[in-house]
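# Survey of secondary and tertiary structure
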Amino acid sequence: MRNKGVSYLVEIFKKISRKAFSGSASNVFKGMKTLALGSGISKIIGILSIPILTRLYSPEDFGVLAIYTAIITMLAPIITLRYVLALPLPRHDGMAFNLLMLSTGLMLITCLIVNMFLWMFGGDILPIFSMEVLIPWWWLISLGLLGSVTYEMLTLWATRKRDYRAISKTNIGQSITGSLTKIILGLFGLNPFGLLVGQVVIQGGGSGSLLKIYSQDFKKNWRHLRWSRMRKMAWAHRGFPIYRVPSQFLMLLAGQAPLLFIAAMYDSNTTGQLGLALMALGFPLKLFGNTLAKAFYAEAANLGSKQPDKIRVMLISVVKRLAIFAVPPTLVLLVFGQEIFTLAFGEEWSLAGTFSEILAIYLFFQFMQTPVAHVFYIFEGQKQLLFLNIQRIGLVFVCFSFVYLMDLNSEMAILTYSIMLSVHYLLSSIYALKFIPKN
């Protein structure tokens, strides 16, 4: 009788799985499953390392890591003028290779400029963000930028090839080596230097492996490299630097704004608590949301802008399934967030658990919205995406201005932010669906 019951449940699960992963979104979810396998293993490694790290490093150390990561995240879009995002779009690999070389040249030039700027003015600028501890190691910012952007370029080439397995393998390697670096350096008492070096490894550590995988591919396409073709690609995708750079910068600034405002308005302990909450809650977003967004972009770019109806159906199907996946963890966080954080990371991280409960709804809407921005890449909607990100950063500034004027505590600040951004993500998703042309 028990075996029959188990068999019945297995059949139900199979039917649900077939329905969930069939239809217009099937190719997207096949790609996502491959990406999610590697990303899932890497994120599990990261999650398992956090209880160790929270006992080796203080909330103040995590505050420094949070601001460091915020700086890297905000500067990275400027490095290639966002031309790198167009890599999956050209039909011919030779033209895409010209775009890759254009991005590489821009990366080297801008990283050199950032490096010189930090060398001359880092001692004056870093204290503004409570990063005095980084002054002797200002070069870590340049190194983090170089590693992060290089890895982004190579993963987008892999996305063009729909080589999700290669991305998955490097994700695992990055997580293992980065987590071990943080733990080992923490055991030697190198605080917060260990966290920062480990983060550099996590952001760019897989670049060497991907470069080796595609070295023959790059050699084969080297004969197509021409200055005229690079200029042609730069002009054809000029919407990316004109609209996508400010749009991406504003989007990332809005994402990192809570940490920057909390660092300015409260103490380093509160910043560290929020940093841990965002780090822990970001794992499922990166595992499922971002991996699925990459797979969706690859499949939608393969369909091309001349098949909008198919892309619309695919996007709706993907967003519905993301909503289903997001409901259980959202409910768990809403009810048990503080208990989970205290149990996993220790009593001193209770405030991080409170923040996780407050951010649960916001992360639900952010999770569903992750593939949506790629619609604007495909249908030349960089101007519209810029408008959405201007709107978002405006909401963030209104939110924290209100918090400052009303002298609210940190919990109310995060609650106000969570509500405002939830509304923004919902409305921007609806707008993106309406933006897709109709045949």
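Notes on the structure follow. (Residues numbered from 1 in each chain as written. Predicted model: local features only at pLDDT ≥ 70, side-chain atom pairs only at ≥ 80, totals over all residues. Heavy atoms only, no water.)

Quick look at the overall build of the protein now. Across its full length, the protein holds 17 helices and 0 strands. The buried share of the protein, taken over its 439 residues, is 54%. Sequence-distant contacts in the protein: of pairs separated by 6 or more residues, those separated by 24 or more amount to 82%. Only carbon and sulfur atoms are counted for the fraction: they give 68% of the accessible area of the protein, which is about 20,300 Å². (Helix = DSSP H or I, 4+ residues; strand = E, 2+ residues; numbered from the N terminus. Buried < 20%, exposed > 50% of the residue type's maximum accessible area, 1.4 Å probe, protein only. Contact = heavy atoms within 4.5 Å. Areas by Shrake-Rupley, 256 points an atom, 1.4 Å probe, with all protein chains shown as cover.)

Across all of its chains, the model carries 15 aromatic pairs by this definition. When the centroid spacing of 5.1 Å and the interplanar angle of 35° are considered together, the rings of F376 and F435 count as tilted. One end of the pair, F376, is in helix 15 (residues 374-378); the other, F435, is in helix 17 (residues 410-435), with 59 residues separating them in the sequence. Given the relative accessible area of 1%, F376 is considered buried. Taken together, F261, Y362, F397, F400, Y417 and Y425 form an aromatic cluster joined through their ring pairs. In this arrangement the basic side chain of R238 is found over the ring face of W235, its NZ or CZ atom lying 4.0 Å from the centre. (Phe/Tyr/Trp six-rings, centres within 6.5 Å; stacked < 30°, edge-to-face > 60°. Lys NZ or Arg CZ within 6 Å of the ring centre and 35° of its normal.)

Moving on to the environment of P246. Structurally, the position occupied by P246 is in helix 11 (residues 239-265). What makes P246 partly exposed here is its relative accessible area of 28%. A sequence separation of 168 residues divides P246 from I78, and the C-alpha atoms of the two residues are 8.4 Å apart. Filtering out sequence-adjacent residues up to four positions away, P246 remains in contact with P241 and L386.

Take the packing of helix 3 (residues 59-79) against helix 5 (residues 139-160) next. Helix 5 packs onto helix 3 with a crossing angle of 55° between their chain directions and a minimal axis gap of 9 Å. Taken as axis vectors, helix 3 and helix 5 run oblique relative to one another. Relative to helix 5, the crossing made by helix 3 is right-handed. For the pair helix 3 and helix 5, the contacting residues are Y68, I71, I72, L75, A76 and I79 in the first and L140, I141, G144, L145, S148 and V149 in the second. (Axes fitted to C-alpha atoms, helices over the stretch in contact; angles between N-to-C directions. Parallel < 35°, antiparallel > 145°, perpendicular 65-115°, else oblique. Left-handed = near helix turned anticlockwise from the far one by under 90°.)

Over its 27 residues, helix 11 runs 37 Å from end to end, which matches the ideal 39 Å to within 8%, given 1.5 Å per residue. The largest bend in helix 11 comes to about 50°, at Q256, with the proline P258 one to four residues further on. (Expected span 1.5 Å × (residues − 1). Bend = angle between axes of the 7 residues up to and from the residue.)

So, about the packing of helix 5 against helix 6 (residues 164-187). Between helix 5 and helix 6, the shortest axis-to-axis distance is 10 Å and the interhelical angle comes to 150°. Overall, the two elements helix 5 and helix 6 adopt an arrangement that is roughly antiparallel. Packed against helix 5, whose contacting residues are Y151, T155, A158 and T159, the element helix 6 presents I167, T170, N171 and Q174 at the interface. Grouping the constituent residues of the contact of helix 5 with helix 6 by class yields 3 nonpolar, 5 polar and no charged. (Nonpolar A, V, L, I, M, F, W, Y, C, P; charged D, E, K, R; others polar.)

To continue, consider the environment of W157. Inspection of the secondary structure puts W157 in helix 5. A relative accessible area of 0% places W157 in the buried class. On a C-alpha basis, the gap between W157 and P88 in space is 6.9 Å, while along the polypeptide they are 69 residues apart. Setting aside chain neighbours within four positions, we find W157 in contact with L87, D93, A96, F97, L100, Y214, D217, F218 and N221.

Before going further, it helps to examine the side chain of S317. The residue S317 is located in helix 13 (residues 308-345) in this model. Looking at S317, the relative accessible area reads 9%, which means it is buried. Looking at S317, its side chain comes within polar contact range of the side chain of R321, at 2.4 Å. (Polar contact = N/O pair within 3.5 Å; in protein donor to acceptor, adjacent residues only side chain to side chain.)

Taken together, V327, L331, V332, L334, V335, F336, I340 and I361 make up a surface patch of nonpolar side chains, about 640 Å² in accessible area. Among the structural elements, I361 can be located in helix 14 (residues 350-369). The class of I361 is partly exposed, set by a relative accessible area of 35%. (Patch = residues over 30% accessible without salt bridge, like charges linked within 9 Å, V, L, I, M, F, W, Y side chains within 5 Å. Salt bridge = Lys/Arg side-chain N within 4 Å of Asp/Glu carboxyl O.)

The terminal C-alpha atoms of helix 6, which comprises 24 residues, lie 35 Å apart, in line with the 34 Å expected from a rise of 1.5 Å per residue. Positive phi appears at G189, one or two residues downstream of helix 6, with a value of about 75°.

Attention shifts here to unusual backbone geometry. For the peptide bond that leads from N191 to P192, omega is -5°, which places it in the cis range. If you trace the backbone, P192 turns up in the loop between helix 6 and helix 7 (193-204). For L81, which is not a glycine, the phi torsion comes out positive at approximately 55°. In this fold, L81 is placed in the loop between helix 3 and helix 4 (93-125). Overall, the relative accessible area of 29% leaves L81 in the partly exposed class.

The next thing to look at is the side chain of Q199. Mapped onto the fold, Q199 is located in helix 7. By relative accessible area, which is 13% here, Q199 ends up buried. The contact partners of Q199, leaving out residues within four places of it in the chain, are L65, Y68, T69 and K182.

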